Amino acid sequence: MDPGALHVPLQDVARRLKELPRDRDIILYCACPSEASAARVAKILMNHGFKRFRPLYGGLDAWVAAGYDVEKSI
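Residues numbered from 1 in each chain as written. Predicted model: local features only at pLDDT ≥ 70, side-chain atom pairs only at ≥ 80, totals over all residues. Heavy atoms only, no water.

Draft legend 1. Inspection of the environment of R22 at higher detail. Within the secondary structure layout, R22 lies in the segment before β1 (26-28). The spacing of R22 and R52 is 30 residues in sequence and 7.0 Å in space, taken between C-alpha atoms. Setting aside residues no more than four positions away along its own chain, R22 makes contact with H48, G49, F50 and R52. A polar contact of 3.0 Å, which involves the side chain of R22, links it to the backbone oxygen of H48. (Helix = DSSP H or I, 4+ residues; strand = E, 2+ residues; numbered from the N terminus. Contact = heavy atoms within 4.5 Å. Polar contact = N/O pair within 3.5 Å; in protein donor to acceptor, adjacent residues only side chain to side chain.)

Draft legend 2. Representation of the nonpolar core in the model. Among the nonpolar cores identified, the biggest contains 11 residues, and these are V13, L17, L20, I26, L28, C30, A38, V41, A42, L45 and F50. At the level of elements, β1 and α1 (36-47) are the ones that each hand at least two residues to this core. Ranked by residue count, the leading element in this core is α1, at 4 residues. What L45 contacts, discounting residues up to four positions off in sequence, is L17, L20, I26, L28, F50 and F53. (Core = buried A, V, L, I, M, F, W, Y, C linked by side-chain atoms within 4.5 Å. Buried < 20%, exposed > 50% of the residue type's maximum accessible area, 1.4 Å probe, protein only.)

Draft legend 3. Representation of the pattern of salt bridges within the structure. Taken as a whole and assessed by the stated rule, the structure comprises 3 salt bridges. Of the charged contacts, one joins D12 and R15 as a salt bridge, the two residues approaching to 3.3 Å between their closest N and O atoms. Relative accessible area serves as the criterion here: at 64%, R15 is assigned to the exposed category. Here R52 ties to D25 by a salt bridge, and the two come within 3.1 Å at their closest N and O atoms. Within this pair, whereas R52 is found in the loop between α1 and β2 (53-55), its partner D25 is found in the segment before β1, the two being separated by 27 residues in sequence. The partly exposed category is assigned to R52, whose relative accessible area is 38%. (Salt bridge = Lys/Arg side-chain N within 4 Å of Asp/Glu carboxyl O.)

See the structure below:
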């Protein structure tokens, strides 16, 4: 996970909407094929009025390939 990122499992997104910023961009990424979970989260955010979000094409693999930091969980 990127330092400063907020890890929110798909099943917890709706319950944790108040923790998500509405005043800055939210980049959604996952490690699943075809960004399936990120797309599902995008739909949840859209349905709750969020405007500044987008799934990262290529998911976590693309993030790493672009050279961004990843913090490993223990």
